[in-house]
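What follows is each chain in one-letter form.
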Amino acid sequence: MASIEFVRVTKSFEKSVVIKDLDLKIEDGKFTVLVGPSGCGKTTLLRMIAGLDPQTSGSVFIDGKDVTRTAPGQRGVAMVFQNYALYPTMSVRENIEFGLINNKVDKAERTKLVESISATVGLKNYLDRKPSTLSGGQRQRVALARAMVKKPSVFLMDEPLSNLDAKLRAQMRLELIELHKKLGTTFVYVTHDQVEAMSMADTIVLMNQGLIKQEAPPEVIYNQPNNLFAAQFIGVPPMNVGDLGVDGVKFGFRPESAVLSNEPGELHYSTQGVIATREMLGSETLYQVRTDRDSFMIKCIEDQFSVDQKVHLGVTAAKIYFFGADENRIGEDHIHFRKYLDVLRGYRNG
Ligand SMILES: Nc1ncnc2c1ncn2[C@@H]1O[C@H](COP(=O)(O)OP(=O)(O)OP(=O)(O)O)[C@@H](O)[C@H]1O
């Protein structure tokens, strides 16, 4: 197990600065997920930990040791890639064993390790097969086993589930959570998929354009987003946002926080609109409601409205967020918070 720390790390490729002055501490033994849109610098961070692409300036520490001059193979980290990077001509056993042979581990010890690790990831019956005869999920497990066999103190995973179909991805998410619990090793996992981040992370590091926008457990990012970017990146559909019309402030509420009804309600923010679209998803229905000024996505348990129907929409004060002109969230202790709530109460159309 090991902690990881970035201290004032900058990474440039030729003239373009991809990561600038980044400070980040990744806790020992935790499942940390780096999440953010394509190109925000997640893989770059991971490769700096692995030593595959060193930082331009600043320091990276693994377990308190500055690893700037430590070769990738000496860092105690193992990386699992999106494309699995398996050797196609080797059997599953040979793929898993490969690193051990390189490290001159004797045959008896190798056999013991391969047997125990393949049992952990459910590959015991596939050891003599070639990767091409395995399903995507099984190949992913071989890649994991190959990383595990090195007994690293840190696992680095770069979008390891992105080649799997939705059902298998959901299953592998659970398997990774279990695996992390079993191994107790530091996991650093890169994804652009906020569902993966929410479901697996102890801590989410949310990035955009080379900067950390928020670093917190999933429930904290969801319930107390620090800024508009966090509010709209985490959550499906994203938080609804509208202009308050004062001080450049925006108000927001989650799709499941609004109540739709046929009659006007008494909730703090009340407006009316028309159902523009309806998506019946089984256990819930998503409605797009168009008001005079905005278009909101609303998630309902009951499927009781149809397209073109007029509806009243209400949100209680406790479920409303405000964001300043700088896009940072305005907390309840802010001097103008009550004023903004009052403005929103008067902001009814019809
Ligand atoms: N070897 C390279 N040379 C030049 N630019 C690079 C190189 N590697 C990455 N970049 C640039 O650095 C930025 C961050 O890339 P990175 O791969 O870290 O993003 P990411 O968040 O992992 O994206 P994705 O989710 O698409 O994999 C991008 O703008 C990318 O074009």
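Nothing here was measured: the structure is a model prediction, and the numbers come from that model.

(A) A look at the packing of aromatic side chains. The full count for this structure, using the stated rule, is 13 aromatic pairs. Summarising the aromatic geometry, the rings of Tyr 87 and Phe 98 are spaced 4.9 Å apart at their centres and angled 55 degrees between planes, so their arrangement reads as tilted. Taken as a pair, Tyr 87 in the loop between strand S6 (77–80) and helix H2 (92–102) and Phe 98 in helix H2 lie far apart in primary sequence, 11 residues in all. A relative accessible area of 34% means that Tyr 87 is categorised as partly exposed. Summarising the aromatic geometry, the rings of Phe 251 and Phe 296 are spaced 6.3 Å apart at their centres and angled 65 degrees between planes, so their arrangement reads as edge-to-face. Taken together, the positions of Phe 251 in strand S12 (residues 250–253) and Phe 296 in strand S16 (residues 295–300) put the pair 45 residues apart, joining distant regions of the chain. Considered together, Phe 251 and Phe 296 belong to a single accessibility category, that of buried residues. Each residue in the set Phe 31, Phe 155, Phe 187 and Tyr 189 is aromatic and connected to the rest through ring pairs, giving one cluster. Above the plane of the ring of Tyr 222 lies Arg 254, whose end atom (NZ or CZ) is 3.9 Å from the centre.

(B) Structural view of the side chain of Ser 91. Within the element layout of this structure, Ser 91 appears in the loop between S6 and H2. For Ser 91, a relative accessible area of 10% corresponds to the buried category. Dropping the residues within four chain positions of it, Ser 91 is found in contact with Leu 127, Asp 128, Arg 129 and Lys 130.

(C) The arrangement of the UniProt feature "domain: ABC transporter" (unreviewed entry) in the chain in detail. Taken from the UniProt record, the annotation "domain: ABC transporter" (unreviewed entry) applies to residues 4–234. Taken end to end, residues 4–234 is 36% helix and 26% strand, and its first and last C-alpha atoms sit 25 Å apart.

(D) Molecular detail of helix H9 (residues 337–345). Residues of H9 that are buried: Phe 337, Tyr 340, Leu 341 and Leu 344. Buried residues of H9, seen end-on, are gathered within an arc of 105 degrees and therefore sit on one face of the element. Residues of H9 that are buried in the fold lie against S12, strand S14 (269–280), strand S18 (321–323) and strand S19 (329–330).

(E) Representation of helix H5 (residues 166–183) within the structure. With 18 residues, H5 should cover 26 Å at 1.5 Å per step; its first-to-last C-alpha distance of 25 Å lies within 8% of that length. Every buried residue of H5 is listed here: Leu 168, Met 172, Arg 173, Leu 176, Leu 179 and His 180. Taken end-on, H5 shows its buried residues confined to a sector of 145 degrees, consistent with a single buried face. More than 90 degrees from the buried face of H5, the exposed residues found are Lys 167, Leu 174, Lys 181 and Lys 182. Where H5 starts, the residue carrying a side-chain oxygen 3.1 Å from the main-chain nitrogen of Lys 167 turns out to be Asp 165. Directly beyond the C-terminal end of H5, a positive phi value near 65 degrees is found at Gly 184.

(F) Structural context of the site of the ligand. If you check the shell around the ligand, you find Phe 13, Val 18, Pro 37, Ser 38, Gly 39, Cys 40, Gly 41, Lys 42, Thr 43, Thr 44 and Glu 159 and nothing else. Here Thr 43 contributes a side-chain N or O atom positioned 2.7 Å from an oxygen atom of the ligand. Between the ligand and the protein, one listed contact pairs an oxygen atom with a side-chain N or O atom of Thr 44 at 2.5 Å. In the complex, the protein chains occlude 55% of the 640 Å² of accessible area that the ligand would expose alone. Counted by class, the shell around the ligand contains 4 nonpolar, 5 polar and 2 charged residues.

(G) How the structure looks around the pattern of salt bridges. Applying the stated criterion to the full structure yields 11 salt bridges. Measuring nitrogen to oxygen at the nearest pair gives 3.4 Å for the salt bridge that ties Arg 47 to Asp 53. Look at the salt bridges and you will find they share partners, linking Lys 11, Arg 47 and Asp 53 into a network.

(H) Summary view of unusual backbone geometry. Of note, the amide linkage connecting Val 236 to Pro 237 takes the cis form, showing an omega dihedral of -15 degrees. In this fold, Pro 237 is placed in the loop between helix H8 (228–233) and strand S11 (240–243). A positive phi angle is found at Arg 8, which is not glycine, with a value near 45 degrees.

(I) Spatial organisation of the sheet that holds strand S15 (residues 285–290). Here we have 5 strands laid out as an open sheet, ordered S13-S17-S14-S15-S16, and antiparallel in their pairing. On the outer flanks of this sheet lie strand S13 (259–261) and S16, each paired with one strand and no other. Recorded for the sheet is a direction-independent mean angle of 45 degrees between the axes of neighbouring strands. Examined bridge by bridge, S13 and strand S17 (residues 310–315) share 3 bridges and lie antiparallel to one another. Its bridge partner being in S17, Val 259 is matched across the sheet by Gly 314.

(J) Geometry of the layout of surface pockets. Estimates place the volume of the largest pocket at around 580 Å³. Taken together, 23 residues line the largest pocket, and the ones lying closest to its centre are Val 77, Ala 78, Met 79, Arg 146 and Lys 150. For the lining of the largest pocket, the secondary-structure elements that each account for two or more residues are S6, H2 and helix H4 (136–148). Sort the elements by how many residues they give to the lining of the largest pocket and S6 lands first, with 4 residues. When its residues are assigned to classes, the lining of the largest pocket shows 15 nonpolar, 5 polar and 3 charged.

The rules behind each value
Along each chain, residues carry numbers from 1 onward, in the same order as the chain's sequence is written. With pLDDT at 70 or above as the cut-off, local features in this predicted model cover only qualifying residues; side-chain atom pairs require 80 or more to be listed or tallied, and sums for whole chains, interfaces and linings still use all residues. With hydrogens and water set aside, each side-chain value is computed from the structure's full complement of heavy atoms. We call Phe, Tyr and Trp rings a pair once their centres come within 6.5 Å, taking the six-membered ring for Trp, and we label the pair stacked below 30 degrees between planes, edge-to-face above 60, and tilted otherwise. In this description a helix means any DSSP run of H or I spanning at least four residues, a strand means any run of E spanning at least two, and both kinds are numbered starting from the N terminus. Three exposure classes are used, based on accessible area relative to the maximum for each residue type with a 1.4 Å probe and protein chains only: buried under 20%, partly exposed in between, and exposed over 50%. Remark: a charge is flagged as sitting over a ring if the NZ atom of Lys or the CZ atom of Arg is within 6 Å of the ring centre and within 35 degrees of the ring normal. Here, two residues are considered to be in contact whenever any of their heavy atoms come within 4.5 Å of each other. UniProt positions are given in the numbering used here, feature names are shortened, and annotations may be inferred rather than shown by experiment. Read the arc as the range of directions from the helix axis to the C-beta atoms. Take the number of residues in a helix, subtract one, and multiply by 1.5 Å to get its expected span. Polar contacts here mean pairs of N or O atoms no more than 3.5 Å apart (in protein, one a potential hydrogen donor and the other a potential acceptor; neighbouring residues in sequence count only if both atoms are side-chain atoms). Here a residue is considered near a molecule or strand provided that any single heavy atom belonging to it is located within 4 Å of it. A 1.4 Å probe and the Shrake-Rupley method give the accessible areas. Residues count as covered only by the protein chains that appear here. Classification used: nonpolar for Ala, Val, Leu, Ile, Met, Phe, Trp, Tyr, Cys and Pro, charged for Asp, Glu, Lys and Arg, polar for all others including Gly. Between Lys or Arg on one side and Asp or Glu on the other, a salt bridge is scored when a side-chain nitrogen of the former is within 4 Å of a carboxyl oxygen of the latter. A pair of strands counts as paired when DSSP detects no fewer than two bridges linking them. To define axes, lines are fitted to C-alpha atoms, for helices over the stretch in contact only, and angles between the resulting N-to-C directions are given on a 0 to 180 degree scale. Grid points spaced at 1 Å over the protein atoms alone were grouped into cavities, where a 1.4 Å probe fits but cannot get out, and pockets, open sets with protein on both sides within 12 Å along at least five of seven lines, with lining residues defined by an atom within 4 Å of a point. Grid points are joined across faces, edges and corners, and a volume is the space filled by probe spheres set on the points.

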